[in-house]
Amino acid sequence: MQRVPIAGLAFRCRSAAVLVCAVHLMAAAEPVPAHHLEGTLHGFLALTTEQGEVLANGDLIEMVRGDRVTAHLTFHFKDGSLDDETTVYTQRGVFRLISDRHIQKGPYFPHPLDMTIDVAKGIVVTHSLDKDGKDEVATDRIKMPEDLYNGLVMPVIKNVSPDAGETKISMIVATPKPRLVTLSILPQAPETFYLAGTPRRATEYEIKIQLGGIAGAIAPVIGKQPPNIYVSIETGQVPAFLRESGPLFEGGAVLNISLIGPTWSSASHDQPAK
């Protein structure tokens, strides 16, 4: 669940999209096959600290028209901040990104983000504030790889077998100038979760941001290597997202994104975990 700051997402590993401070040249990669297709849905999410404090409530809404999917993921923070991402893609045989717009604004985010990707035009448009507080628009042309997956990392992960080796995909990040980076997805050992006290098995996927080049070599030494992101999926006939753990931006705290259900008590999802 992207938010891919790169977590991001939920559902899309949104964390990856804003965590990276360096870039490397990337080899051409193949798009990921779409074995498990996305459908029309409305999911309810919670964004919490590692201690269980609820920071934001979220919605994931997906609408399908033919082979085209529009996914809208939003988190509304208690302090008024907003994390909002709209992704359009196709899933005819393989996943292909059409467009993505990701907005982060409000007191929770030290550096506001407003980045739009148009794959067909090969452009990335970013909005930022100049020193006088006025909106500044920049348009960059980038060669879009076939495995560019801003905003749809979660559908991709659901199509990575627990028995697979390393899967690499591409993502554009704001540094603040748009750059291409590589995400490495690697299944980990099975883990146990519980539904109404009944144990079930899930697969945890580790996502690493690969900086490459000189920047990648020195990042661990100088403490600039972006932290890994972890996504738990119940695999099987119909894979299901369970949770994502990672920061929403560079230097941010590790947060958890998870599915929630409705309650009739306002305190039920608003208290730190015991």
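One numbering rule holds for all chains: residues counted from 1, following each sequence as written. For this predicted model, a pLDDT threshold of at least 70 governs which residues receive local features, and a threshold of 80 or more governs which side-chain atom pairs are given and counted, while totals over whole chains, interfaces and linings are taken from all residues. Water and hydrogen atoms play no part in the side-chain values, which are based on all heavy atoms of the structure.

In this section: the pattern of salt bridges. Here, a salt bridge means any side-chain nitrogen of Lys or Arg that lies within 4 Å of a carboxyl oxygen of Asp or Glu. Scanning the model with the defined rule gives seven salt bridges in all. For R101, the salt bridge is made with D114, and the minimal N-O distance between the two is 2.8 Å. Of the two residues, R101 sits in strand β5 (residues 96–105) while D114 sits in strand β6 (residues 113–118), which places them 13 residues apart along the sequence. R101 sits in the partly exposed class, given a relative accessible area of 38%. Among the salt bridges present, the one from D140 reaches K177, with a minimum N-O distance of 2.5 Å. Here D140 is found in strand β8 (residues 135–141), whereas its partner K177 is found in the loop between β9 (167–174) and β10 (178–195), with 37 residues between them in sequence. Relative accessibility thresholds used throughout: buried, under 20% of the residue-type maximum; exposed, over 50%; partly exposed, between the two (1.4 Å probe, protein chains only). Look at D140 and you get buried, because its relative accessible area is 13%. Runs of E in the DSSP output that reach at least two residues are strands. Runs of H or I that reach at least four are helices, and both are numbered from the N terminus.

As a further point, take the side chain of T167. With respect to the helices, strands and loops of the structure, T167 is situated in strand β9. Judged by relative accessible area, T167 falls into the buried class, the value being 17%. The contact rule is simple, with two residues in contact once any of their heavy atoms fall within 4.5 Å. Aside from chain neighbours lying at most four places away, what touches T167 is V160, L183, S184 and I185.

Both the distance between ring centres and the angle between the ring planes are used here to describe each pair of aromatic rings. The aromatic pairing rule takes the rings of Phe, Tyr and Trp, using the six-membered ring of Trp, and pairs them if the centres are within 6.5 Å, calling planes under 30 degrees apart stacked, those over 60 edge-to-face and the rest tilted. All told, the structure shown has six aromatic pairs when counted by the stated rule. Pairing F77 with F109 gives two aromatic rings, centres 5.5 Å apart and planes at 75 degrees, and the pair type is edge-to-face. Linking F77 in strand β3 (residues 68–77) with F109 in the loop between β5 and β6, this pair joins segments that are 32 residues apart in sequence. Assigned by exposure class, F77 and F109 land together as buried. Three or more aromatic residues link up through ring pairs in this structure, and these residues are F77, Y108, F109 and F249.

The subject of this paragraph is the confidence of the model for the protein. Confidence in the prediction of the protein, expressed as mean pLDDT, is 85, and 81% of residues score 70 or more. Below pLDDT 50 for its whole length, residues 1–11 participates in 102 contacts with residues either more than four positions away or in separate chains. For residues 213–223, every residue scores under 50 in pLDDT, and the model assigns this stretch eight contacts once sequence neighbours within four places are set aside. For every residue, the pLDDT score states the predictor's confidence, bounded by 0 at the bottom and 100 at the top.

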